[in-house]
Amino acid sequence: QVQLVESGGGLVQPGGSLRLSCAASGFTFSDYAMRWYRQAPGKERELVAAATSTGERTHYTDSVIGRFTISRDNAKNMVYLQMNSLDVEDTAVYYCNTNPPNGGPMYWGQGTQVTVSS
């Protein structure tokens, strides 16, 4: 079955950096687009970044452009989110996400907490 396991969250000061990782299993990773979402307290879950199956094309929500970078290693079935210049507004639970290339259910990891605070 599809499994997505996030890691790398934590507490960081404003202006700091974190690198989130997502280990994927149970599907042909190199065929699937991968995404990072986040959900802050009291807010809806939002798409943060996405990468195509090859990683050649990426998409970011406006608020993270120039600060976050999504990347993937198809040989290791891993997707990453490098987060720089973190702001308190980036505080949220971050989720790894995918769904089959021909549609179908969305798969989610358990999430990893990122807290940006001084």
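In this report, the structure presented in the accompanying data block is examined. (Residues numbered from 1 in each chain as written. Predicted model: local features only at pLDDT ≥ 70, side-chain atom pairs only at ≥ 80, totals over all residues. Heavy atoms only, no water.)

**A closer look at the side chain of Thr-61**
Point 1. With respect to the helices and strands, Thr-61 occurs in the loop between strand S6 (58-60) and strand S7 (68-73).
Point 2. Those residues within four positions of Thr-61 in sequence are excluded, and the remaining contacts are Glu-46, Leu-47 and Val-48. (Helix = DSSP H or I, 4+ residues; strand = E, 2+ residues; numbered from the N terminus. Contact = heavy atoms within 4.5 Å.)

**Describing unusual backbone geometry**
Point 1. The phi angle at Asn-77 is positive, at roughly 55°, despite the residue not being glycine.
Point 2. Here Asn-77 lies in the loop between S7 and strand S8 (78-83).
Point 3. The phi dihedral of Ser-85 falls on the positive side, at around 50°, and the residue is not glycine.
Point 4. With respect to the secondary-structure elements, Ser-85 resides in the loop between S8 and strand S9 (92-98).

**Digging into the pairing of strand S4 (residues 34-39)**
Point 1. For S4, the buried fraction is high: 5 of the 6 residues fall into the buried class.
Point 2. In this sheet, strand S5 (residues 46-51) lies alongside S4 in antiparallel orientation, the contact comprising 5 bridges. For Tyr-37, the partnering residue across the bridge sits in S5 and is Leu-47.
Point 3. Hairpin connection, S4 to S5: the antiparallel pair is bridged by 6 residues, and Gly-42 has positive phi, about 75°.
Point 4. Bridge analysis of S4 against S9 gives 5 bridges, and the strand direction is antiparallel. Bridge pairing in S9 links Arg-35 to Asn-97. (Buried < 20%, exposed > 50% of the residue type's maximum accessible area, 1.4 Å probe, protein only. Pairing = 2+ DSSP bridges.)

**Describing the environment of Thr-61**
Point 1. The class of Thr-61 is buried, set by a relative accessible area of 19%.
Point 2. In the structure, Thr-61 is positioned 44 residues away from Ser-17 in sequence and 18 Å away in space, judged by C-alpha atoms.

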